Amino acid sequence: QQPVQSPQAVILREGEDAVINCSSSKALYSVHWYRQKHGEAPVFLMILLKGGEQKGHDKISASFNEKKQQSSLYLTASQLSYSGTYFCGTERRSGNQFYFGTGTSLTVIP
Amino acid sequence: NAGVMQNPRHLVRRRGQEARLRCSPMKGHSHVYWYRQLPEEGLKFMVYLQKENIIDESGMPKERFSAEFPKEGPSILRIQQVVRGDSAAYFCASSLNPVSAIYEQYFGPGTRLTVT
């Protein structure tokens with residue numbers, strides 16, 4: 001039931017773009033995105049509802065395609081501070097058990 | 001407004017001892033989730049509690065693990081007779097309402113349990 005993320009790891013130079021995908025084998029109600037820096041707690045980024053929603057703030061945005069049961073996180077013009085592990089979190093029904101994805105390690109180098 | 005608090009931050013236990021992990025949710029939050037994270041792995045759901053109620057404990061091992069969230073005081077995750085495989089980071093998260101399309105979770109700093 002755990003969503004699968006791809007790629008598992010990515011290394012970028014500052015200013016480059018990246019896309020992280022999150023796929024589920026089950027129908028989804030919503031998708032949440034979190035970033036976790038090494039040794040720290042996950043930090044909430046955004047929630048997307050079904051309905052083909054797109055959201056974004058700063059240079060990080062995301063989309064949710066409920067028909068394909070997948071979400072994508074877009075990081076543009078990456079900064080060093082973007083480094084960390086990104087997790088998607090999914091719920092199949094509002095208020096139901098919450099599953100985190102397998103994680104994507106993102107490293108931004110100068 | 002203080003965030004989610006967890007204590008202790010680090011806990012060392014010998015095999016067979018008990019571990020008690022505490023989580024105080026954000027002010028006004030009555031929904032608490034516990035997750036376990038092994039090194040270099042993702043977050044695994046363990047249990048979801050509301051005040052005085054366990055809503056979903058399907059992610060928690062049937063033996064040795066228990067959780068509570070009393071009317072007063074923090075949520076407690078208890079691990080009895082710890083084994084080396086219990087070594088992990090345990091995170092709790094709180095939410096204003098059941099985590100859903102509207103309400104996100106706020107995570108505490110985690111408790112790193114080491115079993116020797």
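Structure first, text after, so check above.
Notes on the structure in this doc start here. Model, not experiment: these values are computed from the prediction. (Residues numbered from 1 in each chain as written. Chains lettered and ligands numbered in written order. Predicted model: local features only at pLDDT ≥ 70, side-chain atom pairs only at ≥ 80, totals over all residues. Heavy atoms only, no water.)

Thoughts on the overall build of chain B
Point 1. For chain B, the helix and strand inventory stands at zero helices and eleven strands.
Point 2. The order of α-helices and β-strands along chain B, N terminus first, is β-β-β-β-β-β-β-β-β-β-β.
Point 3. For a compact globule of 116 residues, the expected C-alpha radius of gyration is about 13 Å, and chain B comes in at 13 Å, within 12% of that figure.
Point 4. Taken along the three principal axes of its C-alpha coordinates, chain B extends 40 × 25 × 25 Å.
Point 5. By residue count, 46% of the 116 residues in chain B fall in the buried class.
Point 6. Surface accessibility of chain B: about 5800 Å² in total, with carbon and sulfur atoms responsible for 47%.
Point 7. Of note, chain B has its 16 positive side-chain charges centred 7 Å away from the centre of its 11 negative side-chain charges. (Helix = DSSP H or I, 4+ residues; strand = E, 2+ residues; numbered from the N terminus. Rg over C-alpha atoms; globule rule 2.2 N^0.38 Å. Buried < 20%, exposed > 50% of the residue type's maximum accessible area, 1.4 Å probe, protein only. Areas by Shrake-Rupley, 256 points an atom, 1.4 Å probe, with all protein chains shown as cover. Lys, Arg positive; Asp, Glu negative; His and termini not counted. Charge placed at Lys NZ, Arg CZ, Asp CG, Glu CD.)

Considering the environment of Ser63(A)
Residue and element names in this part refer to chain A.
Point 1. As for its position among the elements, Ser 63 is in strand β7 (residues 60-65).
Point 2. Residue Ser 63 is classed as buried on the basis of its relative accessible area, which comes to 13%.
Point 3. Along the primary structure Ser 63 and Val 43 are separated by 20 residues, whereas in three dimensions their C-alpha atoms are 19 Å apart.

Considerations on the environment of Thr114(B)
All names here are of chain B.
Point 1. Secondary-structure assignment places Thr 114 in strand β11 (residues 111-115).
Point 2. Linking Thr 114 and Gly 85, residues 29 residues apart in sequence, is a C-alpha distance of 9.3 Å.
Point 3. Once residues within four sequence positions are removed from consideration, Thr 114 is found in contact with Leu 11, Val 12, Arg 13 and Ser 87. (Contact = heavy atoms within 4.5 Å.)

Re the pattern of salt bridges
All names here are of chain B.
Point 1. As enumerated under the stated definition, the model contains three salt bridges over all chains in all.
Point 2. Put simply, Arg 78 and Glu 18 hold a salt bridge, and the shortest N to O gap is 3.9 Å. Here the residue Arg 78 occupies a position in strand β8 (residues 75-79), and Glu 18 occupies one in the loop between β2 (10-13) and β3 (19-24), the gap between them amounting to 60 residues.
Point 3. Classification of Arg 78 as buried rests on a relative accessible area of 16%.
Point 4. The exposure class of Glu 18 is partly exposed, given its relative accessible area of 32%.
Point 5. Residue Arg 64 is joined to Asp 86 by a salt bridge in which the shortest nitrogen-to-oxygen separation is 2.7 Å. (Salt bridge = Lys/Arg side-chain N within 4 Å of Asp/Glu carboxyl O.)

As for the state of the cysteines
The term disulfide refers to a covalent linkage connecting the sulfur atoms of a pair of cysteines.
Point 1. Inspection of the entire model under this criterion finds two disulfides over all chains.
Point 2. Two residues share a disulfide in this structure: Cys22(A) and Cys88(A), whose sulfurs sit 2.0 Å from each other. When the S-S torsion is 70°, as for the bridge of Cys22(A) with Cys88(A), the disulfide is right-handed. Of this pair, Cys22(A) sits in strand β3 (residues 18-23) while Cys88(A) sits in strand β9 (residues 84-91), and the two are 66 residues apart along the sequence.
Point 3. In this model, Cys23(B) is linked to Cys92(B) through a disulfide, with the two sulfur atoms separated by 1.8 Å. On the S-S bond that ties Cys23(B) to Cys92(B), the torsion sits near 70°, and the link is right-handed. Residue Cys23(B) is found in strand β3, and its partner Cys92(B) is found in strand β9 (residues 88-95); the two are separated by 69 residues along the sequence. (Disulfide = S-S within 2.5 Å.)

Let's talk about the sheet that holds strand β7 (residues 65-68) of chain B
Residue and element names in this part refer to chain B.
Point 1. Across the sheet, four strands lie side by side as β1-β3-β8-β7; this open sheet has antiparallel pairing. Of all strands in the sheet, those bounded by a partner on one side alone are β1 (5-7) and β7. The mean angle between the axes of side-by-side strands here comes to 15°, regardless of whether they run parallel or antiparallel.
Point 2. The pairing of β1 with β3 spans three bridges and is antiparallel. Across the sheet, residue Asn 7 finds its bridge partner in β3, namely Arg 22. (Pairing = 2+ DSSP bridges. Axes fitted to C-alpha atoms, helices over the stretch in contact; angles between N-to-C directions.)

Fair warning: the whole summary comes from geometry, so function is off the table for now.
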